[in-house]
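Structure at a glance
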Amino acid sequence: MKSNAHIDAKTWNLVKKISSNIKAARKKRGLTQAEMAAHGFGARWYQRLESGKHIPTIPTLDKLAHALKVDIVDFFK
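Residues numbered from 1 in each chain as written. Predicted model: local features only at pLDDT ≥ 70, side-chain atom pairs only at ≥ 80, totals over all residues. Heavy atoms only, no water.

Some remarks on a nonpolar patch on the surface
- On the surface, a cluster of nonpolar side chains totalling about 270 Å² of accessible area is made up of Leu14, Ile58 and Phe76.
- The topology assignment puts leucine 14 in helix α1 (residues 9-28).
- Among the residues examined, leucine 14 registers a relative accessible area of 38% and is labelled partly exposed. (Patch = residues over 30% accessible without salt bridge, like charges linked within 9 Å, V, L, I, M, F, W, Y side chains within 5 Å. Areas by Shrake-Rupley, 256 points an atom, 1.4 Å probe, with all protein chains shown as cover. Salt bridge = Lys/Arg side-chain N within 4 Å of Asp/Glu carboxyl O. Helix = DSSP H or I, 4+ residues; strand = E, 2+ residues; numbered from the N terminus. Buried < 20%, exposed > 50% of the residue type's maximum accessible area, 1.4 Å probe, protein only.)

Considering unusual backbone geometry
- Even without a glycine there, the phi angle at lysine 69 is positive, about 60°.
- Positionally, lysine 69 belongs in the segment after α3 (58-68).

Written out as structure tokens, the structure is:
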């Protein structure tokens with residue numbers, strides 16, 4: 001997603017929560033953003049994901065959960 005200007009505050013809060021939980025899961029695994037490239041994620045794209053500038057799709061969340069060895073629902077907690 002190129003712009004998040006069209007989403008409402010509730011959705012924005014959810015995006016930020018997901019982004020934060022992805023970052024926490026990555027750090028818990030001891031991985032850098034650059035190391036996520038080994039799982040098929042470009043470093044720049046991944047940085048934007050963690051900052052909330054990209055809203056991940058369900059398949060992307062599934063791929064992230066697999067790479068980070070967490071359950072996909074953990075991103076929504």
